Amino acid sequence: MRNIKTLLLLFLLLCPSLQVFAQSNIDRLAYIKENAVVVNNIEPLNEDYSDLALLKKSLEHVEIVGLGEQTHHDGHTFKAKTRLIKFLHQEMGFSVIAFESGFYDCYKAWQEIQNGEITIEAARKSIYPFWISKETEELFKYIDKQKDTDKPLILAGIDCKFSGTYSKNSLLHDFKDYLQVVESATVQDTAKWSAFSAALERTIAISDYLTKPSAADTLILKTELRNILKDVKGKAASREISQQEHLFWQQFMHSTLAEISKRFSNEQVRDRQMGANLAFLQSQLYKGQKVVVWAASSHLTYNGVNIEREFYQQNLRLGDYIKQSYGEKYYNIGFTGYKGKIGKLLFFPLINVKKHKLNSIEYVFGQTNQPYLFLDFNKTDLPQWLLDPLVARPFGYKEMRMRLPQVMDGLFYTEDIFEKTFIPLARQEQTL
């Protein structure tokens, strides 16, 4: 009896705080209903963009839009991003889609696409394979349709890593052609070129997240790339090589130097170099053109001190470098979802997302019963609950507390989550 009385007393004591919490959620839900953009659907073939019209004001002066993803396997996010890219291209004048994939691989892919290669086949040889899916297929078809118009959507890459078979099959040949045109001493010295090309070939073959180049290969590559850069600096373009190609190869060498330096650094060298490669694309290679970046949300975020996770607080991300260069001209869109299952990389199991804390942003979104919403954080009158640390799952669907408006500019919500559908190679391609 005494225990029952104690429990009743505790319940009565807690009631006021429970009532306050309930009222807080009512206020949060009211704010979302009043301020979030209701997106009609995310089907990539839907080109009626009236539901996205309000985004034009948010993106009016933006030059770089980051489109994140919680994992590299979220089918609904892939669909939403594909439709958003078409909207940004058709309605907002964005003309470059830059993937978190190899800097050389995607440059080569765009050359091949312009020469008649089907985009999805060029994509197979350049971008990471988890982005070749039924949910992204329309994006590649769209690039095909636009490539011969006066408004092409240019495929590019920002990663210092080597991500595709173009690097393995074409890079050394293309780089040697360039070095011969600029009369590089390295390529003219048979012994030097033999050692350099062998070291680069081995580095390309092991360009993954675990294996690093050997100390011997690193020394050869660093020495020769620095010598070549010094040699070609200030050389003008010629009949044999365009200014664009001349600039590209110089940036490629800087990017490769970053890739091989990761073995000897505790810094997030990759994110820093992706930022440098992106700035090069926008300011030099495709000067003045507006760029959409397709990458993991964990790369595109910024101000990690506002995320209650040690990794983000201690490491600058790609988004930090973009913010430093572009300020308010960079707009980062994160993605989150409410319920469903999603795959993870390699041997990790499915993520089953079905429960959310009552004080999470996903819980509030879920109470709207809307399948798709977009919430803009670039406003001066945000409520305090959004400014305070809030539970959210935009990074790998892991619950973290963060000040959302300080780490991204907008959040795209999909009620359902499902794993993307891989497009297998045609049987004849598998036998090649």
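Details of the structure are given in the entry above.
The structure reproduced in this document is the subject of the present report. All of these numbers come straight from a predicted model, not from anything done at the bench.

Examining the overall build of the protein
When you go through the protein residue by residue, the secondary structure sums to 19 helices and 11 strands. The long-range fraction of contacts in the protein, counting pairs at least 24 apart against all pairs at least 6 apart in sequence, stands at 79%. Here the protein displays about 20,200 Å² of accessible surface, and carbon together with sulfur accounts for 52% of that area.

Some thoughts on the packing of aromatic side chains
The final tally for this structure, using the stated rule, is 29 aromatic pairs. Between Tyr 104 and Phe 252 the ring centres are 6.4 Å apart and the planes differ by 65°, which places this aromatic pair in the edge-to-face class. Taken together, the residues span a long stretch of sequence, with Tyr 104 in helix H4 (residues 103-114) and Phe 252 in helix H11 (residues 243-261) at a distance of 148 residues. Judged on exposure class, the residue Tyr 104 and its partner Phe 252 are both buried. Taken together, a centroid distance of 6.0 Å and an interplanar angle of 25° make the contact between Tyr 178 and Trp 249 stacked. With a gap of 71 residues between them, Tyr 178 in helix H7 (residues 165-181) and Trp 249 in helix H11 connect regions that are remote in the sequence. Given the relative accessible area of 1%, Tyr 178 is considered buried. Classification of Trp 249 by relative accessible area gives buried; the value is 2%. Through a chain of ring-to-ring contacts, the aromatic side chains of Phe 103, Tyr 104, Tyr 107, Phe 175, Tyr 178, Trp 193, Phe 196, Phe 248, Trp 249, Phe 252 and Phe 280 assemble into a single cluster.

Some thoughts on the environment of Glu 183
Position of Glu 183 among the secondary structure elements: in the loop between H7 and helix H8 (185-188). We classify Glu 183 as exposed; its relative accessible area is 55%. With 49 residues separating them along the chain, Glu 183 and Val 232 place their C-alpha atoms 8.6 Å apart. Other than its neighbours up to four places away in sequence, Glu 183 contacts Gln 188, Asp 231 and Lys 235.

Brief notes about the side chain of Asp 105
Counting through the fold element by element, Asp 105 comes out in helix H4. Of the side chains with opposite charge, Lys 168 lies nearest to the buried Asp 105, which makes no salt bridge, at 8.9 Å. Among the polar contacts listed, one links the side chain of Asp 105 to the side chain of Ser 167, at a separation of 2.8 Å. In this view, Asp 105 contacts Lys 125, Ser 126, Lys 161, Phe 162, Ser 163, Gly 164, Thr 165, Tyr 166 and Ser 167; residues no more than four positions away in its chain are not counted.

Thoughts on the side chain of Asn 46
Checked against the element boundaries, Asn 46 lands in the loop between strand S1 (37-38) and helix H2 (55-58). Here the side chain of Asn 46 touches Asn 41 through a polar contact of 3.1 Å, side chain to side chain. A distance of 3.1 Å separates a polar atom in the side chain of Asn 46 from the backbone nitrogen of Asp 48. With near-sequence residues (within four places) excluded, Asn 46 lies in contact with Asn 41 and Arg 83.

What about the pairing of strand S4 (residues 154-159)?
For S4, the tally of buried residues reaches 6 of 6 residues, placing the bulk of the element in the interior. Pairing geometry for strand S3 (residues 94-102) and S4, over 5 bridges, is parallel. Looking at the pairing, Val 96 lines up with Ile 154 of S4.

Some thoughts on unusual backbone geometry
With phi around 55°, Asn 303 is a residue other than glycine that occupies positive phi space. With respect to the element layout, Asn 303 can be found in the loop between helix H13 (297-300) and helix H14 (310-314). By relative accessible area, which is 33% here, Asn 303 ends up partly exposed. With a phi angle near 60°, Tyr 397 is a residue other than glycine that sits in the positive phi range.

Quick look at the environment of Glu 399
Tracing the backbone shows Glu 399 in the loop between strand S9 (390-392) and strand S10 (400-402). Classification of Glu 399 by relative accessible area gives partly exposed; the value is 26%. Sequence separation between Glu 399 and His 356 is 43 residues; the distance between their C-alpha atoms is 8.6 Å. Glu 399 has contacts with Arg 309, Lys 355, His 356, Lys 357, Val 391, Ala 392 and Arg 393, leaving out every residue within four places of it along the chain. Reaching out from Glu 399, the side chain makes a polar contact with the side chain of Lys 357 at a distance of 2.5 Å. Here the side chain of Glu 399 touches Arg 393 through a polar contact of 3.3 Å, side chain to side chain.

Criteria and thresholds
Residues numbered from 1 in each chain as written. Predicted model: local features only at pLDDT ≥ 70, side-chain atom pairs only at ≥ 80, totals over all residues. Heavy atoms only, no water. Helix = DSSP H or I, 4+ residues; strand = E, 2+ residues; numbered from the N terminus. Contact = heavy atoms within 4.5 Å. Areas by Shrake-Rupley, 256 points an atom, 1.4 Å probe, with all protein chains shown as cover. Phe/Tyr/Trp six-rings, centres within 6.5 Å; stacked < 30°, edge-to-face > 60°. Buried < 20%, exposed > 50% of the residue type's maximum accessible area, 1.4 Å probe, protein only. Lys, Arg positive; Asp, Glu negative; His and termini not counted. Salt bridge = Lys/Arg side-chain N within 4 Å of Asp/Glu carboxyl O. Polar contact = N/O pair within 3.5 Å; in protein donor to acceptor, adjacent residues only side chain to side chain. Pairing = 2+ DSSP bridges.

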